[in-house]
Amino acid sequence: MVFLTFLLGCSATKQAERQSKIDSLPDSYSTPLSPSEKKIHALSLSDLVSQCRAGSIPPSSIMMAYGKKALLAHKATNCLSDVMFDEALTTPPVANWGPAVDSDAGVNETIRERSLMGVPISIKDTIDIVGHDSTISFSKNVGHPTASSSSIVRLLQDAGALVHVKTTVPTGLLSIETISDVYGRTTNPYNHSFTAGASTGGGGALVACGGSKIEIGTDIAGSVRIPAHFCGVWSLKGSSGRFPAWGNRTSMPGLESIPLVISPLASNLADLREFCKRLILAKPWHYDHTCVPLPWQNVDLQDEGRKLKWGVIWDDGTIPPTPACKRALSMVIAALKKQGHEVVDFHPPDVFEGLKIGYQLLFSDGGQQVRNSLQPGEKVTPPAKAILDLLNLPRLFKKILSFLLRPLDPVSSQLYDIMHVKTVVEDRENVASRDRYMAEWHKKWTEEGLDFVLTVPIAFPALENDTSEKATLMSAGYTFLFSLASILLDYTAGTVPVTYVDRTLDALPTDFTETKQYKTFSAVAKGAFSVYDADKMHGLPLGVQIAGRRLEEEKVLEGMQIIEAALREQSTTFINKVAL
């Protein structure tokens, strides 16, 4: 009872602190956007920087426009974990702003000095900023502000960015929904009965609502790409070391095979590309010793004039894509073929075998680090609890279950067999298996001469609130495959919004559970399909995932542009339909 009282007290304190910061803001933040603020909000990232640097738009006016939007987003979706509007305006590059301060600067200096001047940038709750909590939605981390800022926050502030809010995450990060005792539930801006995704769910919702120009998230197994897909925004998971990550928190610190990967989100591709370019031109390796000192590479595949080769993975071996997600992927394939690109089915090394290696490395401790961070009575999301409960079962019991399920459900049988605490020797064997798997992928990709690989980001659109337990964390296989930094492939991967769920086009047959296809599904796949309802999901965004090789961020961004251009030629342009 004492611990429960403590837990409730921490949650109430944190939510009251957040609300107090909102209530203390000037009344002007509660008024509708003025015509001039609407014009500011409509500017591209590059135009925003240009006009702010030239002195025609003060940072305070930008902050007012985006602050208003951020508060509307939070009211609609509960996406903010902290508010720093005034603080964003006090960093030296912003506080020293003055009209025409850089009017005579050369092009190179313009890029290098204050290259993000006036750009509102939100950061995930896990990323350190001095004087503020980085809770990871663990109640024990409430009221423990960090003593220093992360490398990426220092770079952003030196470049003149307005780091104005932190965004919500689920407890311990391992989730498809963003919900916690500390902050409550974050909902999807298109339909509040559905989730924004996780673990960068707050950032996905905020960007979709226009409350931030760029969100700085982190991605391990789809933590940015899944919210981007659910909320209809663009994202890029870089390879480990390309973007600065030092000073960011995780629920599993010290797990060397899973370094944090910084991954931005944006409301359009042009802003995403421009941000990534400016970030790398700022030489992030000067801020972070873990960064690869790799300068920005100009890539223009369209000017090269050659047609590209795209490989398609239709199924991750665990959960086939639902009709809506499959249709979005098919639309992209058809558009690329219309442009003359070569699109082929790609059959990589056994995907499920790769996923099994990754899951064993990720949970080699049996989930103990996450358990250790929980206070008595504190809850994780149902999918995370299901994994922790599975890991906690006696190994002999799991072996018996594995044996009994083998002829009926091979996928579940194998999961029962492998999900247990690893000895040092077993962990090293999995690392060796990972290395062999990476080599097989490299060989297969090279032999087929692929430029990119396309998949769905996840098997389904945004899930209805409280249904992720049936979908399970196994549903993240499509993103997990290209993630986990050194665990599996460390490939660069982006998410591109394509269309929306259509209740007619994307409905399952009425007798689907009696079909031959359904009867071949594993229990994991049946659980995921049980929460798919095209009628309820009508109007939710749908995206695709594009992957390139390691450290090919510029090429993947170019591939995303090619996809958008191909769709545009087919009169398909994704339009943000969030109304606030």
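Look above for the structure.
The rules behind each value
- Residues numbered from 1 in each chain as written.
- Predicted model: local features only at pLDDT ≥ 70, side-chain atom pairs only at ≥ 80, totals over all residues.
- Heavy atoms only, no water.
- Pairing = 2+ DSSP bridges.
- Helix = DSSP H or I, 4+ residues; strand = E, 2+ residues; numbered from the N terminus.
- Axes fitted to C-alpha atoms, helices over the stretch in contact; angles between N-to-C directions.
- Contact = heavy atoms within 4.5 Å.
- Parallel < 35°, antiparallel > 145°, perpendicular 65-115°, else oblique.
- Left-handed = near helix turned anticlockwise from the far one by under 90°.
- Phe/Tyr/Trp six-rings, centres within 6.5 Å; stacked < 30°, edge-to-face > 60°.
- Buried < 20%, exposed > 50% of the residue type's maximum accessible area, 1.4 Å probe, protein only.
- Lys NZ or Arg CZ within 6 Å of the ring centre and 35° of its normal.
- Patch = residues over 30% accessible without salt bridge, like charges linked within 9 Å, V, L, I, M, F, W, Y side chains within 5 Å.
- Areas by Shrake-Rupley, 256 points an atom, 1.4 Å probe, with all protein chains shown as cover.
- Salt bridge = Lys/Arg side-chain N within 4 Å of Asp/Glu carboxyl O.
- Expected span 1.5 Å × (residues − 1).
- Polar contact = N/O pair within 3.5 Å; in protein donor to acceptor, adjacent residues only side chain to side chain.

Colleague: Where do I start with the sheet that holds strand E9 (residues 234-237) in this structure?
Modeller: Strands in a sheet are paired, the pairing made by backbone hydrogen bonds, and the direction either parallel or antiparallel. The strand order E1-E3-E2-E8-E10-E9-E14-E15-E13-E11-E12 describes an open sheet built from eleven strands, whose pairing is mixed. Unpaired on one side and paired on the other, strand E1 (80-83) and strand E12 (342-345) mark the two borders of the sheet. Strand-to-strand, the axes of this sheet are offset by a mean angle of 25 degrees, without reference to chain direction. Two elements, strand E11 (residues 309-312) and strand E13 (residues 452-455), share three bridges in a ladder whose sense is parallel. Considered in E13, the bridge of glycine 311 is made with valine 453. Sitting on the sheet, helix H4 (residues 59-77) is in contact with E1, strand E2 (120-124) and strand E3 (162-167), with an inclination near 10 degrees to E3.

Colleague: Explain the packing of helix H17 (residues 395-405) against helix H18 (residues 410-418) here, please?
Modeller: In a pair of packed helices, the angle between the axes and the distance between the axes together describe the arrangement. It is at 8 Å that the axes of H17 and H18 come closest, and there the two elements cross at 165 degrees. In terms of orientation, H17 and H18 fall into the roughly antiparallel class. Crossing hand, H17 versus H18: left-handed. Residue-level contacts link Lys398, Lys399, Leu401, Ser402 and Leu405 of H17 to Pro410, Ser412, Ser413, Tyr416 and Asp417 of H18.

Colleague: What is the right way to read the packing of aromatic side chains from this model?
Modeller: Given two aromatic rings, one states the distance between the centres and the angle between the planes to describe the pair. What the rule picks out here adds up to 14 aromatic pairs. Considering the side-chain rings of tyrosine 29 and phenylalanine 85, the 5.0 Å spacing of their centres and the 40 degrees angle between planes classify their relative orientation as tilted. Taken together, the positions of tyrosine 29 in the loop between helix H1 (2-23) and helix H2 (35-42) and phenylalanine 85 in helix H5 (residues 85-88) put the pair 56 residues apart, joining distant regions of the chain. By relative accessible area, tyrosine 29 is classed as buried at 7%. The rings of Tyr190, Trp234, Tyr500 and Phe574 are connected pair by pair, giving a single aromatic cluster. Over the aromatic face of tryptophan 314 sits the side chain of lysine 326, whose NZ or CZ is 5.9 Å from the ring centroid. Here the guanidinium or amino end of lysine 555 rests over the ring plane of phenylalanine 452, the centre of that ring lying 5.5 Å away.

Colleague: Please clarify how a nonpolar patch on the surface should be interpreted in this entry.
Modeller: A surface patch of nonpolar side chains, amounting to about 450 Å² of accessible area, comprises Leu396, Ile400, Phe403 and Leu404. Relative to the helices and strands, isoleucine 400 resides in helix H17. For isoleucine 400, a relative accessible area of 45% translates into the label partly exposed.

Colleague: Could you clarify how one ought to interpret the pattern of salt bridges in this entry?
Modeller: Any two side chains of opposite charge can pair, so long as their charged atoms come close to each other. All told, the structure shown has 24 salt bridges when counted by the stated rule. Salt-bridge contacts for glutamate 554 lead to arginine 242; the nearest nitrogen and oxygen are separated by 2.7 Å. Taken together, the residues glutamate 554 in helix H24 (residues 553-569) and arginine 242 in the loop between E9 and strand E10 (262-266) connect sequence positions 312 residues apart. We note that glutamate 554, like arginine 242, is buried. With a closest N to O distance of 3.3 Å, lysine 555 and aspartate 451 form a salt bridge. Within this pair, whereas lysine 555 is found in helix H24, its partner aspartate 451 is found in the loop between helix H19 (424-448) and E13, the two being separated by 104 residues in sequence. You'll find lysine 555 and aspartate 451 in the same group, each marked buried. A single network of salt bridges, built from pairs that share partners, joins Lys14, Glu17 and Asp133.

Colleague: Please explain the side chain of glutamate 554 as it appears in this structure.
Modeller: Assessed through its relative accessible area of 5%, glutamate 554 is described here as buried. With sequence-adjacent residues up to four places away left out, glutamate 554 is seen in contact with Arg242, Ile280, Pro295, Trp296, Gln297 and Val299.

Colleague: Help me out: how do you make sense of the pairing of strand E7 (residues 191-195) in this one?
Modeller: Looking at chain direction, strand E6 (residues 187-188) and E7 are connected through two bridges and run antiparallel. Bridged to threonine 187 within E7 is threonine 195.

Colleague: Just checking my understanding: could you explain helix H14 (residues 351-362) for this structure?
Modeller: Residues spaced three or four apart along an α-helix face the same direction, because each turn holds 3.6 residues. Taking 1.5 Å of rise per residue, the twelve residues of H14 would be expected to cover 16 Å, and the 16 Å separating its terminal C-alpha atoms lies within 8% of that figure. The buried fraction of H14 amounts to eleven of the twelve residues, a majority that puts the element mostly inside the structure. Those residues of H14 not exposed but buried are Val351, Phe352, Gly354, Leu355, Lys356, Ile357, Gly358, Tyr359, Gln360, Leu361 and Leu362. The backbone nitrogen of phenylalanine 352 has a side-chain oxygen 3.0 Å away, supplied by the residue at the start of H14, namely aspartate 350.

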